Each structure stands twice: as structure tokens, then as C-alpha cells.
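# Tertiary structure, described
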Amino acid sequence: MHRKEAAEDVVKRFGGDILRSHGMALEKGFLQHGTCSVYDHSVLVAVMCVELARRCHIPSDTRALVRGALLHDYFLYDWHEPHQGHRFHAVSHAGQALRNAERDFRLTDVERNMIEAHMFPLSAVLPRYWESVILCAADKICALRETAAGFSRRLRERPGMASR
């Protein structure tokens, strides 16, 4: 029986150039949710996208799925720092991520829509492709996991909470 390629290996195969880019190196220094870096979040989301597409048997362009997922938060700044431009980060970062991704990589229409629409329904941009829908779901699942892990870690670190 033929073994399926691991989702992590699919991400490396289709997104290797993105993973090795200067912008992704910068992402390693920016926190996303809890203690998870933007880089780690982007990789986890790309892996989750591959797994969701497989498990739900959704026909998709795997290359576009991986690349759009890796670039969905390619905004390249620390949104936790107080700055006027970060006030509406939740709804504005997709546009900045798209501008940066278009500057640094050649994107398909699917990848563009994935990046622009990944915050749906908070954003007004609708997911127009299955890959965009998968990314919306994967991003929210990973964000919830990362936030919950950070919250749980903070609870465990509180005096008197370790035994719970």
C-alpha cells in the first residue's frame, strides 16, 4: 500500500522557497497568538490546510493551498506594538500581507484570494475558491489552539493553579 506524503513534507515541497525567504525569517521574531510566532503559525496553518483538504476530500490545488496558507499573515510587523497603523490589525493585515506577498513572490489568483479573504467573515472579501475556504477554517482552528495553549500555560504559571 502506498503511504501518503506527510502534510509537513507537502508544505516543504511546495513552499520551500517561501519558508527560506527573508520575510519568513522576519516572521520568526513576531508573536502571533500566545507564544507562537507568526512563522510557526503560518506553517501550522499550511499543514492544517493540507490535512483538512485530505480528510474532507475537497479537491484543491495543493501548491496554491500551501503557498497561500504560508503567506496569509505575511504582514511583516509586530502587531502587538502600540502603533496607529496597528489599531485595526484584525481587519487590515490581510491587505498588507497581500502587498508584501505580491512584492516578494509571483501569486496566482487563488493565492491572492486566499490571503485577502482569510479573515472572512471579519473582512468584506469573500472566499472565492475552495482553497480560500479551507484556509479560513484552518486559520481559525490554529488560532484557537494557539490562544488556548497560551492561556492554559499562563494559568499553570499562576501560584496555586498548578494542581488543577
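Computed from a predicted structure; not experimentally measured.

## A short note on the overall build of the protein chain
Counting its regular elements, the protein chain contains 7 helices and 2 strands. Reading the protein chain from its N terminus to its C terminus gives the helix and strand order α-α-β-β-α-α-α-α-α. Counting all 164 residues of the protein chain, 46% fall into the buried class. Sequence-distant contacts in the protein chain: of pairs separated by 6 or more residues, those separated by 24 or more amount to 60%. On the protein chain, roughly 9,400 Å² of surface is accessible, and the fraction owed to carbon and sulfur atoms is 58%.

## A short note on the environment of Leu98
Within the secondary structure layout, Leu98 lies in helix H5 (residues 89–104). Expressed as a C-alpha distance, the spacing of Leu98 and Met114, which sit 16 residues apart in the sequence, is 9.4 Å. Setting aside residues up to four positions removed in sequence, Leu98 forms contacts with Leu107, Arg112, Ile115 and Glu116.

## Digging into the nonpolar core
Ranked by size, the top nonpolar core spans 36 residues in total, and within it Val11, Cys49, Leu70, Leu71 and Tyr74 carry the most contacts. Looking at this core, the elements with two or more residues in it are helix H1 (7–19), helix H3 (38–55), helix H4 (62–71), H5, helix H6 (109–117) and helix H7 (130–157). Looking at which element gives the most residues to this core, the answer is H3, with 9 residues. When residues no more than four places from it in sequence are discounted, the contact partners of Leu71 are Ile18, Ala97, Ala101, Phe105, Leu107 and Ile115.

## Regarding H1
A rise of 1.5 Å per residue sets the reference length of H1, with its 13 residues, at 18 Å; its end C-alpha atoms lie only 15 Å apart and thus fall more than 12% short of the reference. If you look at H1, its biggest bend is around 55°, right at Arg13. Among all positions of H1, only Ala7, Val10, Val11, Gly15, Gly16, Ile18 and Leu19 are buried. In this structure, the buried side of H1 is in contact with helix H2 (22–27), H3 and H4.

## Topic: the pattern of salt bridges
Applying the stated criterion to the full structure yields 6 salt bridges. Arg103 serves as the salt-bridge partner of Asp104, at 2.8 Å between the closest nitrogen and oxygen. Owing to a relative accessible area of 35%, Asp104 belongs among the partly exposed residues under this scheme. Here Arg103 falls in the exposed class, since its relative accessible area comes to 55%. Across the salt bridge formed by Asp109 and Arg112, the nearest N and O atoms sit 3.0 Å from each other. Separated by 3 residues within a single helix, Asp109 and Arg112 lie in helix H6, roughly one turn from each other. Its relative accessible area of 26% is what places Arg112 among the partly exposed residues. A single network of salt bridges, built from pairs that share partners, joins Glu102, Asp109 and Arg112.

## Notes on the environment of Pro121
Here Pro121 lies in the loop between H6 and H7. Along the backbone, Pro121 and Cys136 are 15 residues apart, and their C-alpha atoms lie at a distance of 9.0 Å.

## Some thoughts on the side chain of Ser37
Here Ser37 is to be found in strand E2 (residues 36–37). Leaving out residues up to four positions away in the same chain, Ser37 has contacts with Glu27, Lys28, Phe30, Leu31 and Gln32.

The rules we used
- Residues numbered from 1 in each chain as written.
- Predicted model: local features only at pLDDT ≥ 70, side-chain atom pairs only at ≥ 80, totals over all residues.
- Heavy atoms only, no water.
- Helix = DSSP H or I, 4+ residues; strand = E, 2+ residues; numbered from the N terminus.
- Buried < 20%, exposed > 50% of the residue type's maximum accessible area, 1.4 Å probe, protein only.
- Contact = heavy atoms within 4.5 Å.
- Areas by Shrake-Rupley, 256 points an atom, 1.4 Å probe, with all protein chains shown as cover.
- Core = buried A, V, L, I, M, F, W, Y, C linked by side-chain atoms within 4.5 Å.
- Expected span 1.5 Å × (residues − 1).
- Bend = angle between axes of the 7 residues up to and from the residue.
- Salt bridge = Lys/Arg side-chain N within 4 Å of Asp/Glu carboxyl O.

Fair warning: the whole summary comes from geometry, so function is off the table for now.
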